[in-house]
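Listed below are the residues making up each chain.
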Amino acid sequence: MFSIGCKETAGQSSLSAERQSLTAKVQLPLYQDLNGNEVSLEDFKGKRIVLNFWATWCRPCIEEMPSMLNAQELLKDDGYVSLLASDQSMDKIKAFKEKKKFDFTFIKYNGSWAEQGVNALPATFIYNTKGEQVERIDGITIWDSPEIIQKLKDIK
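Residues numbered from 1 in each chain as written. Predicted model: local features only at pLDDT ≥ 70, side-chain atom pairs only at ≥ 80, totals over all residues. Heavy atoms only, no water.

1. Remarks on the side chain of Asn128
As a reminder, the rule being used: Where helices and strands are cited, they refer to DSSP runs of H or I of at least four residues and of E of at least two residues respectively, numbered from the N terminus. In protein, a polar contact requires one atom able to donate a hydrogen and another able to accept it; more generally it is a pair of N or O atoms within 3.5 Å, and residues adjacent in sequence count only if both atoms are side-chain atoms. Pairs of residues are marked as contacts when any of their non-hydrogen atoms sit within 4.5 Å.
You can see Asn128 is positioned in the loop between strand 6 (123-127) and strand 7 (133-138). Within polar-contact distance, the side chain of Asn128 engages the side chain of Glu132 at 2.7 Å. Once you skip the residues sitting within four places of it in the chain, Asn128 turns out to touch Lys47, Arg48, Val134, Ile155 and Lys156.

Right under this line is the structure:
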């Protein structure tokens, strides 16, 4: 099995040093919905979470979204929540959502990829109903494949 992902290059970082400094001073919540409200993974306790880190410039991220959307539908009765987190501006995320019409819960990530151990996108973390991270999948994935669907259904 191989995986394909995106990695930012110098000068492409969506968080400038100035913005990182401002973020540190203001203490933004780690995650926000597209209306600016704080989102916490704790909000979904009792649910299983697929937390996908992505970016609008990441082609593999976008290529896996249709299968992720289909998986979201296949898992709707299994207590799953899909959250797609980007560190890009709210405006960029909103414009992407409007253009692509993907029915996901898009959220703004205000941390650094390094804090999550992410050095290439997409990166996806799976949490069980207790809020524990139980799986990590790096690179593009065919989310609606029988193997992945079964793997996700087996997580308690």
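Having put the structure on the table, let's press on.
2. Considerations on the pairing of strand 5 (residues 105-109)
Test applied: Categorising residues by exposure relies on relative accessible area from a 1.4 Å probe, with only protein chains included: less than 20% of the type maximum marks a residue as buried, more than 50% marks it as exposed, and the intermediate range marks it as partly exposed. When DSSP locates at least two bridges between a pair of strands, those strands are taken to pair.
Counted residue by residue, strand 5 has four buried out of five residues, so it is predominantly covered. Relative to strand 5, strand 1 (residues 31-32) runs antiparallel, the two sharing two bridges. Across the sheet, Gln32 pairs through a bridge with Lys108, a residue of strand 5. Pairing of strand 4 (residues 80-86) with strand 5, which is carried by four bridges, proceeds in the parallel orientation.

3. Notes on the packing of aromatic side chains
Put simply, the test is: A pair of Phe, Tyr and Trp rings is counted when the ring centres sit within 6.5 Å of each other, with Trp represented by its six-membered ring. The angle between the planes then sorts it: under 30 degrees is stacked, over 60 is edge-to-face, the rest tilted.
On inspection of all chains with the given rule, the structure shows eleven aromatic pairs. A ring pair is formed by Phe53 and Trp113, whose centres lie 5.3 Å apart and whose planes are at 85 degrees; its orientation type is edge-to-face. Within this pair, whereas Phe53 is found in strand 3 (residues 48-53), its partner Trp113 is found in the loop between strand 5 and strand 6, the two being separated by 60 residues in sequence. The pair formed by Phe53 and Trp113 is uniform in burial state, with each residue classed as buried. An aromatic cluster is present here, built from Tyr31, Phe53, Tyr109, Trp113 and Phe125 joined pairwise through their rings.

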